[in-house]
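# Breakdown of the fold
What follows is each chain in one-letter form.
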2 protein chains.
Amino acid sequence: MEKDNRQTKDEKYMRMALAEAHAAQEAGEIPVGAVVVCGDRIIARAHNLTETLHDVTAHAEMQAITAAADSLGGKYLKDCTLYVTVEPCTMCAGALGWSQVSRVVYGAPDDKRGYTQYAPSALHTRTTVTAGVLEDECRRLMQDFFKDKR
Amino acid sequence: MEKDNRQTKDEKYMRMALAEAHAAQEAGEIPVGAVVVCGDRIIARAHNLTETLHDVTAHAEMQAITAAADSLGGKYLKDCTLYVTVEPCTMCAGALGWSQVSRVVYGAPDDKRGYTQYAPSALHTRTTVTAGVLEDECRRLMQDFFKDKR
């Protein structure tokens, strides 16, 4: 029962991350979205802005981490969960490691750039990870984006 | 002779990165500084601001990458060298990878957080790396900072 509640909550917040990913797509950005939740409060929402800002560091997770810390008034996200539609890259996983975020939930794996392959110990040792929440929707959004680009 | 010229240039720019690191130290920040050079022009200078901004992503390299891209008007740093006083962490190496920076020059190695140990393939395959420029000075600055903190 507890597991079902958690799954329902995870899907609810992942839908919000997906809404951010759709906003990225509409702006011509690679469709990745993220939200940070603290207790039951959303304290940050962000989407990829690398093209708009001409800035390779402007991934959804990086902006969400900065915005969440700003919202909390401190740099650590110890009681927070970050939801992101796609597996974080090395850079974002490194940032999540510094943030000491409690939990990371992602949708689709990223075989080409995902941290699990290239920086598997990047997260803090106490951070828990759940993968595959609304995986198909998250993956489809990325696949459709790159199909249109070809 | 060419090697000597390069070494002289590397030390010159590393001194500028060290000046940034001293500025960080004076602000109570972990003393890490970075500069980005394109041709013979310095296009970005930055130092660690994680405490001031309450933002774990505000490492010297991250800010230098963003500022350099802003200066160039594009997100890639293909003809640039980033100088940084300490070996980049996983996050910063991931960002440098995305930036496709031509060359990374660092001073002191970071055995605890350095990318060479935790994300050895984070940089772009075409990026060259020079380690150990003004290594002693860069290391001493860090050691003195953490000694004072104890």
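Above this text you will find the structure in question.
Here's a quick rundown of the structure. Sequence order as written defines the numbering, with residues in each chain counted from 1. Following the order in which they are written, the chains are lettered starting with A and the ligands numbered starting with 1. In view of the model being predicted, local features appear only for residues whose pLDDT reaches at least 70, and side-chain atom pairs are presented and counted only at 80 or more, with totals across whole chains, interfaces and linings using the full set of residues. Think of the side-chain values as coming from all heavy atoms in the structure, minus any hydrogens and water.

From N to C terminus, chain A includes six helices and five strands. Runs of H or I in DSSP of at least four residues are treated as helices and runs of E of at least two as strands, each being numbered from the N terminus. The N-to-C order of helical and strand elements in chain A reads α-β-β-α-α-β-α-β-α-β-α. Here chain A has a C-alpha radius of gyration of 14 Å; the compact-globule value for 150 residues is 15 Å, and the two agree. Dimensions of chain A along its principal axes, counting C-alpha atoms only, are 40 × 35 × 30 Å. Residues classed as buried in chain A amount to 51% of the 150 residues present. Sequence separation of 24 or more characterises 60% of the internal contacts of chain A that already satisfy a separation of 6 or more. Accessible surface, chain A as shown: approximately 7,300 Å² in total, 47% of it carbon and sulfur. Positive charge is attributed to Lys and Arg, negative charge to Asp and Glu, and no charge count is given to His or to the chain ends. Every charge is mapped to an atom, namely NZ of Lys, CZ of Arg, CG of Asp or CD of Glu. The average position of the 18 basic charges and that of the 21 acidic charges among the side chains of chain A differ by 3 Å. For this measure, only C-alpha atoms enter the radius of gyration; the expected value for a globule follows 2.2 Å times N^0.38, where N is the number of residues. Accessibility here uses a 1.4 Å probe with only protein chains present; expressed as a share of the type maximum, an area under 20% marks a residue as buried, one over 50% as exposed, and anything in between as partly exposed. Only heavy atoms enter the contact rule, under which two residues are in contact if any of them lie within 4.5 Å. Accessible surface area values rest on a Shrake-Rupley calculation with a 1.4 Å probe, where residue burial reflects the displayed protein chains alone.

This part covers the pairing of strand β3 (residues 80–86) of chain B. Residue and element names in this part refer to chain B. Along β3, seven of the seven residues are buried, which leaves the element largely enclosed by surrounding structure. With five bridges connecting them, strand β1 (residues 33–38) and β3 associate as antiparallel partners. By the bridge assignment for β3, Val-36 is matched with Leu-82. Paired strands are those between which DSSP finds at least two bridges. Relative to strand β4 (residues 103–108), β3 runs parallel, the two being bridged by five bridges. Bridge pairing links Tyr-83 to Val-105 in β4. Remark: the β3/helix α4 (residues 90–99)/β4 crossover connection has right-handed handedness. When the strands point away from the viewer, a crossover counts as right-handed if the route from the first strand across the helix to the second turns clockwise.

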